[in-house]
Amino acid sequence: SQANFEEDSQKQPAVGHWKTLMPSKGSREESETGCQDAGGVDETQSTEQLNVSRLRSSSVEIREKGSEFLKEELHKAQKELKLKDKECERLSKVREQLEQELEELTASLFEEAHKMVREANTKQAASEKQLREARGKIDMLQAEVTALKTLVITSTPSSPNRELHPQLQSPSKAVFRKGHGRNKSTSSAMVSAASQNVTPEPVSHECKEVDSILFAEFQAWKESPTLDKSCSFLDRIYREDVGPCLDFTKQELSELVRVAVEQNTLTIEPVASQTLPVVKVSAEECGGPKKCALSGLPRTCKHRIMLGDSGNYYYISPSCRARITAVCNFFTYIRYIQQGLVRQDVELMYWEVMRLRREMSLAKLGFYPSEM
């Protein structure tokens, strides 16, 4: 059949011409005619088979090339994907680092802002405290200047004002003021200086003679008044009066008292005073109402002192208070001279200094008014 023939032709792609060994004349013609027919059919079949094989080979080549191209494209895509992954990972790390830095910066800014607010509040509180203290000092200085002017105008060593010096009045008229509640060392102004110290007799009845050496030292100091104790005038007073007057049994506390008097930061107040707006409530109280902190002896202490703004109280006996007050009065007067508040003759100022030195001498020997 035709199908079997095609299968045989596929198995045998090349079909040759059959030649008979001894063809006859009639058979030669028949064979020639049959060969021509068979050759045309074979050529057509071989051409078709060749075209099919070419198509198959070309499709295989196309398939192979296509698969290679796709593999290359897949490889490229995988490489690009890996690069993208690495880039994404790097950007993620950068983002995390930026977020961490932003959080740290925000926290530091908040902390700095809170710190600045705290510092501003502290500075404001300190400024308000200094303002209150300055106003208090101004009021105190104004009162002292007024008292000093009254003293300079109405009282001199040669003609003292008996109203400003109660000890010069008769015993029935003399009125002593007890204490000088919460005043600085300068607050025991010259108005009450004589009422806190003993004078043997009125100055106007005394015979006086100027010591040339002491007067010369005072004049030299008056030309350029200073609180530096290296000058001859103050050096002598420190050695002869101030030092011995403030030399107590408790040496360490005595030195602190001397420094506070020099710096004008000593406070003396009665023990009964309870209005202490600037002092701490839990202030340490040294000594006691029955024991003096400076001498260490059992004495009835009516006053206590505070050194600067430390808040520590020290109970003192009347004798110690008289000695400290005498030194404070001396420093108050020479400060007034230094500031140009005393408008007197040099000799009158000299005699006032000598009177204050005498008060220190009497106080260090144990003489003090009974009201102390």
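Anything mentioned here points back to the structure above.
Residues numbered from 1 in each chain as written. Predicted model: local features only at pLDDT ≥ 70, side-chain atom pairs only at ≥ 80, totals over all residues. Heavy atoms only, no water.

So, about unusual backbone geometry. In this model, Asn264 sits at a positive phi of 60 degrees, which is unusual for a non-glycine residue. If you trace the backbone, Asn264 turns up in the loop between α5 (251–262) and β2 (266–270). (Helix = DSSP H or I, 4+ residues; strand = E, 2+ residues; numbered from the N terminus.)

Running from N to C, helix α3 (residues 212–223) and helix α7 (residues 346–364) point in directions that differ by 115 degrees, and their axes come no closer than 11 Å. Here α7 runs roughly perpendicular to α3, going by the angle between their axes. In this structure, α3 crosses over α7, and the sense of that crossing is right-handed. Across the interface between the two elements, Leu214, Phe215, Phe218, Gln219 and Lys222 of α3 pack against Val346, Glu347, Met349, Tyr350, Val353, Met354 and Arg357 of α7. Broken down by class, the residue content of the contact of α3 with α7 amounts to 8 nonpolar, 1 polar and 3 charged. (Axes fitted to C-alpha atoms, helices over the stretch in contact; angles between N-to-C directions. Parallel < 35°, antiparallel > 145°, perpendicular 65-115°, else oblique. Left-handed = near helix turned anticlockwise from the far one by under 90°. Contact = heavy atoms within 4.5 Å. Nonpolar A, V, L, I, M, F, W, Y, C, P; charged D, E, K, R; others polar.)

This paragraph deals with the packing of aromatic side chains. The geometry of two aromatic rings is summed up by the distance between their centres and the angle between their planes. The final tally for this structure, using the stated rule, is 8 aromatic pairs. Taken together, a centroid distance of 5.2 Å and an interplanar angle of 90 degrees make the contact between Phe215 and Tyr350 edge-to-face. One end of the pair, Phe215, is in helix α3; the other, Tyr350, is in helix α7, and 135 residues separate them in sequence. Through a chain of ring-to-ring contacts, three or more aromatic side chains come together here, namely Phe215, Phe218, Trp221, Phe233, Tyr350 and Trp351. Above the ring of Trp351, the side-chain terminus of Lys208 is found at 4.8 Å from the ring centroid. (Phe/Tyr/Trp six-rings, centres within 6.5 Å; stacked < 30°, edge-to-face > 60°. Lys NZ or Arg CZ within 6 Å of the ring centre and 35° of its normal.)

A few words now on the pairing of strand β5 (residues 313–316). Of the two faces of β5, the one carrying Tyr313 and Tyr315 and the one carrying Tyr314 and Ile316 are both buried. Sheet analysis places strand β4 (residues 303–307) next to β5, joined by 4 bridges and oriented antiparallel. Along β5, the bridge assignment pairs Ile305 with Tyr314. Once β4 ends, the chain turns through 5 residues before running back antiparallel as β5, passing Gly308 with a positive phi of about 65 degrees. (Buried < 20%, exposed > 50% of the residue type's maximum accessible area, 1.4 Å probe, protein only. Pairing = 2+ DSSP bridges.)

With that settled, the discussion passes to the nonpolar core. Counting 48 residues, the largest nonpolar core has Val242, Leu266, Leu294, Ile305, Ile324 and Phe330 as the members making the most contacts within it. Taken together, the elements giving at least two residues each to this core come down to α3, α4 (232–245), α5, β2, β4, β5, α6 (318–338) and α7. If you tally residues by element for this core, the top one is α6, at 11 residues. In this view, Ile305 contacts Val257, Leu266, Thr267, Ile268, Asn312, Tyr313, Tyr314, Ile316 and Ile324; residues no more than four positions away in its chain are not counted. (Core = buried A, V, L, I, M, F, W, Y, C linked by side-chain atoms within 4.5 Å.)

Here the focus is the side chain of Ser295. Among the secondary structure elements, Ser295 is positioned in the loop between β3 (285–286) and β4. Ignoring any residue separated from it by four or fewer positions in sequence, one finds Ser295 in contact with Thr249 and Cys320.

This paragraph deals with α5. Compared with the 16 Å implied by 1.5 Å per residue over 12 residues, the 17 Å span of α5 between its first and last C-alpha is a close match. Regarding α5, the residues found buried are Leu253, Ser254, Val257, Arg258, Ala260 and Val261. Mapping the buried residues of α5 onto a view down its axis gives an arc of 165 degrees, with all of them on the same face. Those residues of α5 that are buried lie in contact with α4, β2, β4, β5 and α6. Asn264 lies just past α5 and shows a positive phi near 60 degrees. (Expected span 1.5 Å × (residues − 1). Arc of directions from axis to C-beta.)

What follows deals with α6. In this model, α6 (21 residues) spans 30 Å end to end at C-alpha, consistent with the 30 Å of a helix rising 1.5 Å per residue. By the criterion of burial, α6 is predominantly enclosed, with 19 of the 21 residues buried. Once α6 ends, the next one or two residues include Gly340, with phi positive near 75 degrees.

Two elements in contact, α3 and α4, have axes separated by 8 Å at closest approach and are oriented at 125 degrees. Of the possible angle classes, the one that applies to α3 and α4 is oblique. Facing α3, whose interface residues are Ile213, Leu214, Glu217, Phe218 and Trp221, α4 presents Ser232, Phe233, Leu234 and Arg236. Its residues assigned to classes, the contact of α3 with α4 comprises 6 nonpolar, 1 polar and 2 charged.

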